[in-house]
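Single-letter residue listing:
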Amino acid sequence: MGTKPEEPRGAHQDGPNGTEPQGAGRDERARGVPRTLAEALRAGGDEELAALLRARPDLLNPVPGDLTQLATRAGTRASVVRALERLDRFALQTAEALAVAPDPAPYESLLTLLTGDNGSDDSSGNAVAAALPGAVAALRTQALVWGADDRLRLVRTARELLAPSPARPSPTGLGPTVAEATAGMSPGRIQEIVAAVGLPSTHDPVSAVASLTALFTDRDRMADLLDTAPPEASAVLDRLVWGPPYGEVTADPTPPVRWLRDRGLLLPASPRTVVLPREAALHLRAGRAHRVPEPQPPRLEAAASVLAARPQVVDGAAAAQALTALSTVEDLLLDWHEGGPPVLRAGGLAVRDLKRAAVALDTDEPTAAFWLELAYAAGLLAADGEADEAYAPTPAYDSWLELSAAERWARLADAWLTATRTAGLVGSLDGKGRALSALGPGLDRSAAPEVRRRVLTLMGELPPATAPTPESLLARLRWERPLRGPEGASYGATPATGPYGAAAAGTSGTLATDLRSRLAVWTLTEAESLGITGRGALSTHGRALLGTDTAAAAARGDATDQDRAGRLRAAADALAPMLPVPLDHVLLQADLTAVAPGPLQRHLAETLAVLADVESKGGATVYRFTPGSVRRALDAGRTAAELHSFLALHSRTPVPQPLSYLVDDVARRHGHLRVGGASSYLRCDDEALLDEITADRRSEGLRLRRIAPTVVSSLADPSTLLAGLRSMGYAPAAESAEGDVLIARAHARRTPPRTPPAPQPEGPPSPDATLLGAAVRAIRAGDLAATVATKPVPAADGTRAPAVPGNLPRTTAAETLATVQAAVMTGSAVWIGYVNAEGAASQRVIAPVRVEGGFVTGFDHTADEVRTYPLHRITGVAELADD
């Protein structure tokens, strides 16, 4: 089938701001067809305007004064690029097809470019035909396309971005049109090409280009021409047909290339480069702009390793990991209980301190960075702000500890879901080649919350206990945001870890280089570590955390704090039955160990952590009692009787005799030696014990000196003397100046109250319904003032000239006062120009009700409220037309 010939270059060009040239749209004006984007917006309803502002919130900052300003702003390059980046692949393919179509293009031509000459005869064509109305509607909603179906127009900036050019090839692989490729060609050379293809010569190059274009777009005549081509010429065309359409030639080209060049099937782009014209390429492609249209998103495939999983198994695995996550965060902050490592001068945590944290948590450094960033995002960890700045838990950490385990997990999961800080970037390089440190600057990625939520939402669309393959998940995300291209290696790529292992890295075994794909891979790993997913599938409490209704409200900008609180409450309620009840007992064993068969109640866990050392963790925690750990409890103010009572109360088994002997033996020796400050001194009623200590070679470093039968002085400070004696196997106790034993309790260090780091949103936030309604009313009112029909106003020469919409009316002070007073008496509305105290000019339509004291008071239709204006700030006034 044939297609409509494309108009030669210069025959049809847009005017300023997306308008048609003078005279081109007289018939359209007579039919009421919009000739500009502003007119198209003006013809639409408030719902369409609100949908545009919701889809492109950057247009609202600041609120446009009228629809002309809105249309101008919607056509700026930065705004159009942002809108194109949020299109899915098929909507983008539709825009790309419009960019290579005639302007304007009827819907049927667009459909032909996407389905080919065969139309919707096959399944692929049927899918394109079914999806195309939705794609066009999406482009219209975002004001990237306007006009009726018979005259679809792509905004000029989008056409410039998507249309092919020598510097920027089109994603379609098409080249310039015949008219564009021959723009700099001599008229004689054009006539030679026309003659070579058997067309009659013309009297001017414009008509020659038009006839050549008509030939290339005529399927029958073009097929006859190609039938005469040498076989080698067809091979040359096959290499160029799907792009790139440019090829290099020598000064003496081969006969097949010369044959194609003589007949205009290859046109010169430079002295050494030829290009395949767009019309010829479309014929060779059977009319298709894209080799493979993708009207439907790729399907998510289930991972073979979890096909047989049951929801109970998934929830159980996720709940166990959630409990591990809570324990890990608590262990991390307990390790920094008395003060954490210092803050680097440039901000963040030093590499050596990250390694120490990883050793303390018994994990690798990337995982330790994730837990650090999670605690920081949740507001549980921050810098203390002192002169020697260091990290420490915040007061919010103590409040967090008072919550139930399920509520604590919900807080952590929500902080991760909404945070823009990305732990996966730790260790990679920034734009200046500097390594990014944990808790430091440069880790915010505004796309992270959207990608995390989208990945989990896609997992939630699968049946329960079904895990998607990483490859199909990444393919789906790339289809939804195809223009979020590679960010290069500057962000670094961390090897995939977690339940997916190397599979999450893709088929090549290396992570994808675009940021969204890496964020998706990190999301899979982090969600598994946090217990949102289990065995790669979304858990029941993970689905509750997302909250379908609240997620949709968040996308619309209508989410409230109550929605968020309800979502967290639902997630905690779903998780709570799957978590074990904290125990109030342990199992004491004869080998000086205690086994906690599950999580312990907080007061029991805190006391046991002082009295014993953790030997191993897992499904059960094993504690070991040592002389040092018992002494630690005695230093904290416990007595031997209290320790015996504590062990008997919380043990389900009898207290073993070796443990009782250990407590009594350490308690008997504890405090026998007393250390005070001289620099320091050591006193003891047992002179023989002091003789033993002073004679021990290990005490030489303490520089002890006997000054009395029961007193020894030392040049070391008391803390050094205590540590030295304990390393020698003694159990000294510190005492005050009054001789009282000093109790050595751990000093909890806390930062001043800190707020969690605020997420850095990707562009302006989505407006809520209230803001949208107010913005639509303001824009409509401003547009009314800018386009209102008025009666002629007095001119400087005494005549009356019609007011020009968009320009401020100009009248004398006397004329302004007289017109306003007349409007008060008649109750009519007038059009005024007004300049405020800051010098900003605006146009308004008001209905005056009172004029006195140099002020006019009336109902302002632009602001939709009663206002008072000083008469000296009104530049002029005009009466509205009777119609």
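One numbering rule holds for all chains: residues counted from 1, following each sequence as written. The predicted nature of this model means local features are confined to residues of pLDDT at least 70 and side-chain atom pairs, given and counted, to a pLDDT of 80 or more, with totals for whole chains, interfaces and linings taken over all residues. Note: side-chain values were computed over all heavy atoms of the structure, leaving out hydrogens and water.

**Some thoughts on the overall build of the protein**
Then step 1. Each helix and strand counted, the protein has 35 helices and 25 strands in total.
Then step 2. Out of the 883 residues belonging to the protein, those deemed buried represent 47%.
Then step 3. In the protein, the share of contacts with a sequence separation of at least 24, taken over all contacts with a separation of at least 6, comes to 66%.
Then step 4. Accessible surface area values rest on a Shrake-Rupley calculation with a 1.4 Å probe, where residue burial reflects the displayed protein chains alone. Accessible surface for the protein amounts to roughly 41700 Å². Of this, 53% is attributable to carbon and sulfur atoms. Helix and strand assignments come from DSSP, with helices taken as H or I runs of at least 4 residues and strands as E runs of at least 2, each series counted from the N terminus. Buried residues are those whose accessible area, probed at 1.4 Å on protein chains only, stays under 20% of the maximum for their type, while exposed residues exceed 50% and partly exposed ones sit between those limits. Here a residue-residue contact requires only that any non-hydrogen atoms of the pair lie within 4.5 Å.

**Topic: the packing of helix 28 (residues 602–611) against helix 30 (residues 640–650)**
Then step 1. Whenever a helix is involved, its axis is fitted only over the stretch in contact; in every case the axis is a line through C-alpha atoms, and angles between N-to-C directions fall within 0 to 180 degrees. Closest axis-to-axis distance for the helix 28/helix 30 pair is 12 Å, and the angle between their directions is 130°. The angle between the axes of helix 28 and helix 30 places the two elements in the oblique class. Once helix 28 is placed against helix 30, the crossing between them reads as left-handed. Residue-level contacts link His-603, Leu-604, Thr-607, Leu-608 and Leu-611 of helix 28 to Leu-643, Phe-646, Leu-647 and His-650 of helix 30.
Then step 2. Polar here means any residue other than Ala, Val, Leu, Ile, Met, Phe, Trp, Tyr, Cys and Pro, which are nonpolar, and Asp, Glu, Lys and Arg, which are charged; Gly is therefore polar. Among the residues forming the contact of helix 28 with helix 30, the class breakdown is 6 nonpolar, 3 polar and no charged. Working definition: roughly parallel below 35 degrees, roughly antiparallel above 145 degrees, roughly perpendicular at 65 to 115 degrees, and oblique for all remaining angles. Handedness of a helix crossing follows the sense of rotation of the near helix relative to the far helix, less than a right angle counterclockwise being left-handed and clockwise being right-handed.

**Some points on the nonpolar core**
Soluble globular proteins tend to pack their nonpolar side chains together in the buried interior.
Then step 1. Working definition of a nonpolar core: buried Ala, Val, Leu, Ile, Met, Phe, Trp, Tyr and Cys residues. They are joined through side-chain atoms within 4.5 Å. Counting residues in each nonpolar core, the largest one holds 90 residues, and the members touching the most others are Leu-53 and Leu-70.
Then step 2. If one sorts the elements of this core by residue count, helix 6 (residues 89–99) sits on top with 7 residues.
Then step 3. Counting residues in hydrophobic clusters, the runner-up holds 71 residues, among them Val-329, Val-343, Leu-349 and Ala-406.

**Digging into the sheet that holds strand 23 (residues 855–860)**
Then step 1. Any two strands between which DSSP finds at least two bridges are classified as paired. A sheet is described by the order of its strands in space; here 5 strands give the open sequence 24-23-22-21-25, paired in antiparallel fashion. Each end of this open sheet is capped by a strand with a single partner; those strands are strand 24 (865–870) and strand 25 (874–879). Neighbour-to-neighbour, the strand axes of the sheet open up by a mean angle of 45°, direction not taken into account.
Then step 2. Here strand 23 pairs with strand 24 via 6 bridges, running antiparallel. For Asp-860, the partnering residue across the bridge sits in strand 24 and is Glu-865.

**A short note on empty space enclosed by the protein**
Then step 1. A pocket here means an open set of points on a 1 Å grid, computed over the protein atoms alone, that has protein on both sides within 12 Å along at least five of seven lines. A cavity is instead a set of points where a 1.4 Å probe fits but cannot get out; residues with an atom within 4 Å of a point line either one. Grid points are joined across faces, edges and corners, and a volume is the space filled by probe spheres set on the points. One pass over the full model with this rule turns up 5 cavities of 30 Å³ or more.
Then step 2. Size it by volume and the largest cavity reaches roughly 90 Å³.
Then step 3. In this structure, the largest cavity is lined by Phe-370, Glu-373, Leu-374, Ala-377, Ala-415, Trp-416, Ala-419, Arg-421, Ala-423, Arg-452 and Glu-526.
Then step 4. If you list the elements that add at least two residues to the lining of the largest cavity, you get helix 19 (365–377) and helix 21 (405–418).

**As for the packing of helix 22 (residues 448–460) against helix 23 (residues 470–480)**
Then step 1. Where helix 22 meets helix 23, the closest approach of the two axes is 11 Å, and the angle between their N-to-C directions is 120°. Classified by the interaxial angle, the pair formed by helix 22 and helix 23 is oblique. As for how helix 22 packs across helix 23, the hand of that crossing is right-handed. Counting all contacts with helix 22, which are made through Arg-454, Val-455 and Leu-458, the residues of helix 23 involved are Leu-473, Arg-476, Leu-477 and Glu-480.
Then step 2. Considered class by class, the residues forming the contact of helix 22 with helix 23 number 4 nonpolar, no polar and 3 charged.

**Remarks on the pattern of salt bridges**
Then step 1. Only one rule defines a salt bridge in this text: a Lys or Arg side-chain nitrogen within 4 Å of an Asp or Glu carboxyl oxygen. Applying the stated rule across the entire model yields 39 salt bridges.
Then step 2. Of the charged contacts in the structure, one is a salt bridge between Arg-89 and Glu-294, with a shortest N-O distance of 3.5 Å. With Arg-89 in helix 6 and Glu-294 in the loop between helix 16 (278–284) and helix 17 (311–335), this pair connects stretches of sequence that are 205 residues apart.
Then step 3. Residue Arg-89 is classed as partly exposed on the basis of its relative accessible area, which comes to 24%.
Then step 4. Connected through salt bridges with shared partners, the residues Arg-86, Glu-450, Arg-481 and Arg-516 form a single ionic network.

**A short note on unusual backbone geometry**
Then step 1. Cis geometry is adopted by the peptide bond preceding Pro-104, which originates at Asp-103 and carries an omega value of 0°.
Then step 2. Pro-244 follows Gly-243 through a cis peptide bond whose omega is -5°.
Then step 3. Here Pro-244 is to be found in the loop between helix 14 (231–240) and strand 3 (246–248).
Then step 4. Positive phi values are uncommon outside glycine, yet Arg-535 reaches one of about 55°.
Then step 5. Tracing the sequence through the fold places Arg-535 in the loop between strand 8 (533–534) and strand 9 (537–538).
Then step 6. Residue Arg-535 is classed as partly exposed on the basis of its relative accessible area, which comes to 48%.

**Section: the pairing of strand 22 (residues 841–852)**
Then step 1. Sheet topology note: the strand 21 (residues 830–835)/strand 22 ladder contains 6 bridges and is antiparallel. Its bridge partner being in strand 22, Tyr-834 is matched across the sheet by Ser-842.
Then step 2. Here strand 21 folds back onto strand 22 in antiparallel fashion, the turn holding 5 residues, of which Gly-839 has a positive phi close to 90°.
Then step 3. Relative to strand 23, strand 22 runs antiparallel, the two being bridged by 6 bridges.

**A few points about helix 19**
For an α-helix, 3.6 residues make a turn, and residues three or four places apart therefore share a direction.
Then step 1. Here a helix's expected span is defined as the number of its residues, less one, multiplied by 1.5 Å. Under the 1.5 Å per step criterion, the end-to-end length of helix 19 is 18 Å for 13 residues, consistent within 8% with the ideal 18 Å.
Then step 2. Turning to helix 19, its buried residues are Ala-368, Ala-369, Phe-370, Trp-371, Leu-372, Glu-373, Leu-374, Ala-375 and Ala-377.
Then step 3. Buried residues along helix 19 sit against helix 17, helix 18 (351–361), strand 6 (381–383), helix 21 and helix 24 (515–530).
Then step 4. Gly-379 occupies a position one or two residues after helix 19 and carries a positive phi of about 80°.

**Quick look at a negative patch on the surface**
Then step 1. Residues Asp-685, Asp-686, Glu-687 and Glu-692 make up a contiguous surface patch of negative charge.
Then step 2. Positionally, Asp-686 belongs in the loop between strand 15 (680–683) and helix 32 (687–695). Residues enter patches when they are more than 30% accessible in relative terms and free of salt bridges; like-charged ones are connected within 9 Å and nonpolar ones (Val, Leu, Ile, Met, Phe, Trp, Tyr) within 5 Å. Lys and Arg are tallied as positive, Asp and Glu as negative. Neither His nor the chain termini are counted. In plain terms, the charge of a residue is placed at NZ if it is Lys, CZ if Arg, CG if Asp and CD if Glu.

**Topic: the packing of aromatic side chains**
Then step 1. Here a Phe, Tyr or Trp ring, Trp counted by its six-membered ring, pairs with any other such ring whose centre lies within 6.5 Å, and the pair is stacked when the planes are under 30 degrees apart, edge-to-face when over 60, and tilted otherwise. Following the criterion strictly, the structure yields 4 aromatic pairs and no others.
Then step 2. Ring centres of Phe-370 and Trp-371 lie 4.9 Å apart, and the angle between their planes is 55°; this geometry places the pair in the tilted category. For the pair Phe-370 and Trp-371, one class covers both residues: buried.
Then step 3. Seen from their ring centres, Tyr-834 and Tyr-869 are 4.7 Å apart, and the 65° between their planes marks the pair as edge-to-face. Residue Tyr-834 is found in strand 21, and its partner Tyr-869 is found in strand 24; the two are separated by 35 residues along the sequence.
Then step 4. Geometrically, a charge over a ring is one whose NZ (Lys) or CZ (Arg) sits within 6 Å of the ring centre while staying within 35 degrees of the ring normal. The aromatic ring of Trp-400 is capped on one face by Arg-408, whose charged end is 5.5 Å from the ring centroid.

**Describing the sheet that holds strand 3**
Then step 1. Spatially, the 3 strands line up as an open sheet ordered 3-5-4, and their pairing is antiparallel. Because the sheet does not close on itself, it has two edges, and the strands there are strand 3 and strand 4 (267–270). Between one strand axis and the next, the sheet turns by 40° as a mean value, whatever way the strands run.
Then step 2. Here 3 bridges tie strand 4 to strand 5 (residues 273–275), and the two strands are oriented antiparallel to one another.

**Structural notes on the environment of Ser-828**
Then step 1. Looking at the secondary structure, you find Ser-828 in the loop between helix 35 (813–826) and strand 21.
Then step 2. Classification of Ser-828 as partly exposed rests on a relative accessible area of 31%.
Then step 3. Apart from residues no more than four positions distant in its own chain, Ser-828 is found in contact with Ala-823, Ile-846, Ala-847 and Pro-848.
Then step 4. Pairing of N or O atoms within 3.5 Å defines a polar contact, subject to two protein rules: one partner must be a possible hydrogen donor and the other a possible acceptor, and residues neighboring in sequence count only if both atoms are side-chain atoms. Among the polar contacts listed, one links the side chain of Ser-828 to the side chain of Thr-826, at a separation of 2.9 Å.

**Comments concerning the environment of Arg-82**
Then step 1. Structurally, Arg-82 is set in helix 5 (residues 77–85).
Then step 2. Sequence-wise, Arg-82 and Leu-483 are 401 residues apart; in three dimensions their C-alpha atoms are separated by 9.8 Å.

**Quick look at the confidence of the model for the protein**
Then step 1. Each residue carries a pLDDT score, the predictor's own confidence in it, on a scale running from 0 to 100. Averaged over every residue, the pLDDT of the protein is 83; the share at 70 or more is 86%.
Then step 2. At the low end of the mean pLDDT range in the protein sits helix 26 (residues 548–556), at 49; at the high end sits helix 19, at 95.
Then step 3. Segment residues 1–26 is flagged for pLDDT under 50; beyond a separation of four residues in sequence, or across chains, it makes 48 contacts in the model.
Then step 4. Long-range and interchain partners of residues 549–557, a stretch whose pLDDT sits below 50, account for 15 contacts in this model, where long-range means more than four residues apart.

**Regarding helix 14**
Then step 1. Restricting attention to buried positions, one finds in helix 14 the residues Ala-233, Val-236, Leu-237 and Leu-240. The buried side chains of helix 14 occupy one side of the element, clustering within an arc of 95° when seen end-on. Of the residues in helix 14, the exposed ones pointing more than 90 degrees away from the buried face are Pro-231, Asp-238 and Arg-239.
Then step 2. Buried residues belonging to helix 14 abut helix 13 (219–227), strand 3, helix 15 (255–262) and helix 16. Note that the arc is defined by the directions from the helix axis to the C-beta atoms.

**As for the side chain of Ser-660**
Then step 1. Checked against the element boundaries, Ser-660 lands in helix 31 (residues 657–669).
Then step 2. Dropping the residues within four chain positions of it, Ser-660 is found in contact with His-644 and Val-655.

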